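Architecture at a glance
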Amino acid sequence: MNARLTAAVAAGKAATWLSRRLGMGAGSNFPGKVILRLHAGAPEAMAAHLPGGCVLVSGTNGKTTTSNLLAAVLRAGGRRPVHNRVGANLITGITAALAQASDLRGVPSGDLGLFEVDEATLPAAAERLRPRLVIITNLFRDQLDRYGELESLARKMDAALAALEPGARVLLNADDPLVASLGRDTRASIHYYGIEGAGDTEPGLRHAADSKHCRGCGSPLAFEAHYFGHMGRYSCPGCGLSRPMPEFLASRVELAGTAGSRVSVDTPRWSAEFSLPLPGLYNVHNLLAALGGAQLLGLDEEAVRKGVEGYSTAFGRGERIPVDGRTLFLVLSKNPTGFNEVIRTLRGEGEGLVILAALNDRIADGRDVSWIWDVDFEELAPLPRRLVATGTRAWDMALRMKYAGLEAARLEVREDLREALRAALDAAAEGETVYALATYTATLDLRRLLTRMGAAPGIWREG
Amino acid sequence: MPVLRICHLYPELMNIYGDRGNVIALVGRCLWRGWEARVVRLSLGDPIDPSLHDLFFIGGGQDREQMMVCEDLAGEKGEALRAAVEDGAALLSICGGYQLLGRRFLTCTGEDLPGVSLFDVETVGGDTRFIGNVAVECALEGVGGTLVGFENHSGRTRLGPAARPLGRVLRGHGNNGEDGTEGCVHRHAIGTYLHGSLLPKNPRLADWLILQALRRRHELEELPPLDDALEEAAHRAALRLVLGERPRKGRPRLRRLRPSR
């Protein structure tokens, strides 16, 4: 028995208890900090006891939904994943998740680790945990103040993949030219997922699209179909690079607004049709990533079906929360491409909507809110009969909506989140939906507020 | 009826920091006055005719894109841009765009990129980035007051003897983090590190650019006023935020472990 690990795990458990008692929220980073302070090698020491090894899910958008979907499938298949489902995706959060699942010897009571990992943390996490599977969802511009520019992030991810062991597997999004270009120096085997038959494509690249040039030769990519952002079916006229053929693919997608979609999926072992209870084409990618990962881990069709159809939304990712006779539809909107997709989904809900837009500029959101000028709010402007702007950058949000064409009479600014939520609920009729679009910490704040109002269960109790 | 002819340079290459909000603001503020604004987008290989545009805009971009633009602006195209500004056209350049319009840019990897020499400034790549909210006391006549924005750059820009700064840094780093200057002004051309986007929250600067640009072809003393209550409120909120920020020392401590109310 390792006394130092035991002390660290015990301290971590105490810290978890304490931070919950004190109402600090999920208490998911602080315990990790305590543990790492006492034993810097704690996460790898605990993970070494997992017989099925570790799976890491990284990328800009879709990490939480993909890993939660995969966890649901794993559980449906009788596995017991140790999972940082709260979305605390730095080393501290992973450490805390492992400790919470462990006994005092530091032996976790699960059979494999499933961790979503912040894209900048992937190299460090891969080095510590030596994953047997790495899933990368997509790379968009996000928090340039924190992550830096995309190409430098891609280089770090390449280095992380190059260090994987030969038996490991990597599952990449074929529709993202930058992600599909990753892993050229890895000894792990590479697999791809992608969308083949999307009826609802875009006429052209949006200005917020990021990877429009071939990573190999720098020529502008030619797109045969645009899904969203820089996702699509592309090839390079310069060097002949083409999109890899996906092993796990959606052959047909029918979108049904915020309700979700119907998706026909083909995999090397089976084909099936799913009712996906999650909106937007981006969630079809999340589904493909999760079911591809599940098949690479040896799960069968039945587990995938049970896991996906019994899935309840990860908090703040299209969650519907009843409050005061209204429904709050809470969706995390944190970067240009993610926000554009949320707006596209809302367009299917008609006009005269009540919208709460919460923009924070805390460190986890990115301190720079310039990115809101890259979002196509011009397409959101016709939708609301009332839009309440809130958050630490409420005025920036309101100003963006003014320049997008929303007239003053339909626009309201409430810096205080509680007042803003009140104003939005008051603007909605009984039985109506309030659409809450919020950045990361604003989603947490909103969720905490709803918990205190008795409308939503605590974050750490969900799932 | 005045028509503002805007030339947006390299919109698909120099676009990652939301700088297009500046063009949105310029266009909006013309339309609200009942005027027309036309935006022409020019990129690699497209020639610039100095007589066709009243206001040029170029934003910030990533390193690789900046190199491509640097090459494209060398020679005739850079000269056309200089000629337009000497003839009275207005120009706004942000971050990477600003750096390219100086005399030269020495990158931290040792490359020596020649600039357009519109501004008498030189930039040297640093090993750390200046990232954060900025407040500036604006030195531009007819604008005055404060400017607010967000900076994110590793370049250190130094003003030459002929250069006038856009303003004095109240909070943040500005041109180089040492001499207290931010940005540069030459005739009606402005270079600055401020993203945010800059113009929506600094409407007086937006109107200064519009006025200078239109004066080239129209008789105008001043612009008809707009209702800027929301713009000014956003400006004040950003100013409060940046002036209230204390310089961060080290990492947050366990002291923050208090029940949230």
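See the structure printed just above.
It should be emphasised that the depicted structure is a prediction, and the values quoted were computed from it without experimental measurement.

1. Considering the overall build of chain B
Counting secondary structure elements, chain B contains seven helices and 12 strands. Taken over the C-alpha trace, chain B has a radius of gyration of 18 Å; the compact-globule value for 261 residues is 18 Å, and the two agree within 12%. A principal-axis box enclosing the C-alpha atoms of chain B has dimensions of 60 × 50 × 35 Å. Put simply, chain B has 261 residues, and 58% of those count as buried. Roughly 11500 Å² of accessible area belongs to chain B as shown, and the carbon and sulfur atoms make up 50% of that amount. Charge separation in chain B, taken as the distance between the mean sites of 34 positive and 34 negative side-chain charges, equals 11 Å.

2. Quick notes on the packing of helix α14 (residues 417-427) of chain A against helix α15 (residues 440-452) of chain A
Residue and element names in this part refer to chain A. The geometry of α14 relative to α15 is characterised by a closest axis approach of 10 Å and an angle of 75 degrees between their N-to-C directions. Between α14 and α15, the crossing angle belongs to the class labelled roughly perpendicular. Residues Leu417, Arg418 and Leu421 of α14 form the contact with α15, whose participating residues are Ala442, Asp445, Leu446, Leu449, Leu450 and Arg452. Of the residues that constitute the contact of α14 with α15, the class distribution is six nonpolar, no polar and three charged.

3. Some points on helix α7 (residues 229-244) of chain B
If you check α7 of chain B, its first and last C-alpha atoms are 22 Å apart, about what 16 residues at 1.5 Å a residue would give, namely 22 Å. Leu230, Glu231, Ala233, Ala234, His235, Ala237, Ala238, Leu239 and Val242 of chain B are the residues of α7 of chain B that are buried.

4. Observations concerning the sheet that holds strand β11 (residues 184-186) of chain B
Residues and elements named next belong to chain B. Overall, mixed pairing links the six strands, which are arranged β2-β1-β3-β4-β12-β11 in an open sheet. What marks the edges here is a single partner per strand, and that holds for β2 (36-42) and β11. The sheet shows a mean angle of 15 degrees between the axes of neighbouring strands, taken without regard to direction. Pairing geometry for strand β4 (residues 90-94) and strand β12 (residues 189-192), over four bridges, is parallel. Considered in β12, the bridge of Ile94 is made with Thr192.

5. Quick notes on the side chain of Gln212 of chain B
Turning to its location among the elements, Gln212 of chain B is positioned in helix α6 (residues 203-215). Beyond its immediate stretch of four places on either side in the chain, Gln212 of chain B contacts Gly88, Ala90 and His188 of chain B.

6. Notes on the environment of Asp142 of chain A
Note on placement: Asp142 of chain A falls in the loop between β4 (133-136) and α7 (144-147). It is 7.1 Å that separates the C-alpha atoms of Asp142 of chain A and Thr60 of chain A, two residues lying 82 residues apart in sequence.

7. A short note on the interface of chain A and chain B
Tallying the contact residues gives 40 residues for chain A and 43 residues for chain B. Taken over both partners, the interface formed by chain A and chain B buries close to 3500 Å², and the fraction arising from carbon and sulfur atoms is 55%. Sorting the residues of chain A by area buried against chain B places Glu149, Trp373 and Tyr403 of chain A first, and these three jointly supply 20% of that buried surface. Here chain A and chain B share three salt bridges between them. Close ionic contact of Glu231 of chain B with Lys402 of chain A constitutes a salt bridge, the shortest N to O distance being 2.9 Å. Where chain A meets chain B, there are 12 residue pairs in polar contact (both at pLDDT 80 or more). Listed by contribution, the elements that provide at least two residues to the side of chain A that touches chain B are α7, α8 (150-162), α13 (394-404), β16 (411-413) and α15 of chain A. With seven residues, the single largest contributor to the side of chain A that touches chain B is α13 of chain A. Its residues placed into classes, the side of chain A that touches chain B shows 16 nonpolar, five polar and 19 charged.

8. Here's the deal with α15 of chain A
An α-helical segment advances 3.6 residues per turn. Residues three or four places apart therefore align on the same side. Residue and element names in this part refer to chain A. In a regular helix each residue adds 1.5 Å, so 13 residues correspond to 18 Å; α15 covers 19 Å between its end C-alpha atoms and thus fits that length. Taken together, the buried positions of α15 are Thr441, Ala442, Thr443, Leu444, Leu446, Arg447, Leu449 and Leu450. Looking at the buried residues of α15, the elements they touch are β12 (317-323), β13 (326-332), β14 (353-358), α14 and β17 (433-438). Following α15 by one or two positions, Gly454 has its phi on the positive side, about 80 degrees.

9. What about unusual backbone geometry?
Residues and elements named next belong to chain B. With omega at -15 degrees, the peptide bond leading from Gly196 into Ser197 counts as cis. Within the element layout of this structure, Ser197 appears in the loop between β12 and α5 (198-201). The backbone of Ser117 sits at a positive phi, close to 60 degrees, despite the residue not being glycine. Of note, Ser117 is situated in the loop between β6 (112-114) and β7 (121-138).

10. Things to note about the packing of aromatic side chains
Using the criterion set out here, one finds 10 aromatic pairs over all chains in the structure. Here Tyr403 of chain A and Trp32 of chain B contribute two aromatic rings whose centre-to-centre distance is 4.7 Å and whose plane-to-plane angle is 45 degrees, an arrangement assigned as tilted. With Tyr403 of chain A in helix α13 and Trp32 of chain B in the loop between α1 (21-31) and β2, this residue pair bridges two chains. On the accessibility criterion, Tyr403 of chain A (8% relative accessible area) is buried. By relative accessible area, Trp32 of chain B is classed as partly exposed at 38%. Clustering of aromatic rings is evident, with ring pairs tying together Phe339, Trp371 and Phe377 of chain A.

Rules and cut-offs
Note that residues are indexed from 1 along each chain, following the sequence as it is written. Key to labels: chains lettered from A, ligands numbered from 1, both in the order written. Confidence filtering applies because this is a predicted model: local features only for residues at pLDDT of at least 70, side-chain atom pairs given and counted only at 80 or more, and all residues used for totals across whole chains, interfaces and linings. Derived side-chain values reflect all non-hydrogen atoms in the structure, with water molecules and hydrogen atoms excluded from consideration. Secondary structure elements are taken from DSSP: a helix is a run of H or I of four residues or more, a strand is a run of E of two residues or more, and numbering for both begins at the N terminus. Throughout, radius of gyration means the C-alpha value; the globule benchmark is 2.2 Å times the number of residues raised to the power 0.38. Categorising residues by exposure relies on relative accessible area from a 1.4 Å probe, with only protein chains included: less than 20% of the type maximum marks a residue as buried, more than 50% marks it as exposed, and the intermediate range marks it as partly exposed. Accessible areas in this description were obtained via Shrake-Rupley with a 1.4 Å probe; residue shielding takes into account the shown protein chains only. Residues scored as positive are Lys and Arg, those scored as negative are Asp and Glu, and His as well as the terminal groups of each chain are ignored. Note on charges: their place is set at NZ of Lys, CZ of Arg, CG of Asp or CD of Glu. Axis definition: a line fit to C-alpha positions, over the contact stretch in the case of helices; interaxial angles, taken between N-to-C directions, run 0 to 180 degrees. Angles below 35 degrees are treated as roughly parallel, those above 145 as roughly antiparallel, those between 65 and 115 as roughly perpendicular, and all remaining angles as oblique. Whether two residues are in contact is decided by their heavy atoms, any of which lying within 4.5 Å being enough. Only Asp, Glu, Lys and Arg are considered charged, only Ala, Val, Leu, Ile, Met, Phe, Trp, Tyr, Cys and Pro nonpolar, and every remaining residue, Gly among them, polar. A helix is expected to span 1.5 Å multiplied by its residue count minus one. Any two strands with at least two DSSP bridges between them are considered paired. Summed over both partners, buried area is the accessible surface (1.4 Å probe) that two parts give up on being assembled. Each reported salt bridge corresponds to a side-chain nitrogen of Lys or Arg within 4 Å of a carboxyl oxygen of Asp or Glu. Between N or O atoms, a polar contact is any pair within 3.5 Å; within protein, one atom must be a potential hydrogen donor and the other a potential acceptor, and residues adjacent in sequence are included only when both atoms are from side chains. Geometry of aromatic contacts follows a simple scheme: Phe, Tyr and Trp rings, the Trp one being its six-membered ring, pair when their centres are within 6.5 Å, and the pair is stacked under 30 degrees between planes, edge-to-face over 60, tilted otherwise.

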